[in-house]
Amino acid sequence: MASKILAQCNKSIRAMKQNPTIIEKEFSTMTKIVRNYIWESLEETYSLSSKMVKEIYDLSSQKIDLKNLTYDGDGQTLDERLTKYFSEILDYLLEHKEKSDWDLVKRNLRVRLLLILDTETQTVKTKVINRKVEAHCEFGEVLPGKCCPGSGGIYPVDELDLPPFHPNCECEVIYYEELTDSEEEIEDLELEVEKVYFE
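Residues numbered from 1 in each chain as written. Predicted model: local features only at pLDDT ≥ 70, side-chain atom pairs only at ≥ 80, totals over all residues. Heavy atoms only, no water.

Peer 1: What exactly am I supposed to notice about the packing of aromatic side chains here?
Peer 2: For any pair of aromatic rings, the description rests on two quantities: the centre-to-centre distance and the angle between the ring planes. Enumeration over the complete set of coordinates arrives at two aromatic pairs. An angle of 40° between the planes, with centres 5.9 Å apart, marks the rings of Y85 and F86 as tilted. Here Y85 and F86 have matching classes, each one buried. By way of ring pairs, the aromatic residues F27, Y85 and F86 are connected into one cluster. (Phe/Tyr/Trp six-rings, centres within 6.5 Å; stacked < 30°, edge-to-face > 60°. Buried < 20%, exposed > 50% of the residue type's maximum accessible area, 1.4 Å probe, protein only.)

Right under this line is the structure:
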């Protein structure tokens, strides 16, 4: 899916570079296609995550509205973030029709769109799983990626902060139906997790 997004960006940028008078029209076409590619990718992520929940936790599917799913880093939906980003790029192109650094525009588009796709994929995956298992599990464990040393730990499900904590976040969450009846044992487990991941 990422290759389709990048191919469309490259095609549109070539057309705009050759004929700056079509920037708005070509840019509009590109953004529609890119949005559709991203939504297709997230629907696939949703389907795979739902299947995983059913296999691992033996829970039936519960439909989640991806259109209104927000990334906690900025509280915006994917459409809101893409609209803002595309608007900024279009403003730049229109302001510098004849002198645009097209290689810079292409790199900027590629990097930002891949970051958005990666972050949204992680957002969909963690929130789909959380919403499906939170009523059936008592605890969740944040497994920190290399990007977030110090973010791991075991928490009650209703107190979990879900990744991604930033764009390109690699942190994951696993869930337990029950962990222990002893608060002392919970504290010991948290110390063990800290020792494993952070020392």
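Peer 1: Would you mind going over the confidence of the model for the chain with me for this structure?
Peer 2: Atomic detail in the predicted coordinates should be set aside for any region of low pLDDT. The pLDDT averaged across the chain works out to 78; a share of 84% of its residues lies at or above 70. Highest mean pLDDT in the chain belongs to strand β3 (residues 139–143) (89); lowest belongs to helix α5 (residues 183–198) (44). Note that residues 184–199 has pLDDT below 50 and, in this model, 18 contacts with residues that lie over four places away or in other chains. (pLDDT = per-residue confidence, 0-100. Helix = DSSP H or I, 4+ residues; strand = E, 2+ residues; numbered from the N terminus. Contact = heavy atoms within 4.5 Å.)

Peer 1: What's the story with helix α3 (residues 78–95) in this structure? I'm lost.
Peer 2: Each full turn of the α-helix corresponds to 3.6 residues, which orients residues three or four apart in the same direction. The end-to-end C-alpha distance of α3, which contains 18 residues, comes to 26 Å, matching closely the 26 Å that a straight helix rising 1.5 Å per residue would cover. Here α3 has its buried residues at L78, R81, L82, Y85, F86, I89, L90 and L93. In an axial view of α3, the angular spread of the buried residues amounts to 155°, which keeps them on one side of the axis. (Expected span 1.5 Å × (residues − 1). Arc of directions from axis to C-beta.)

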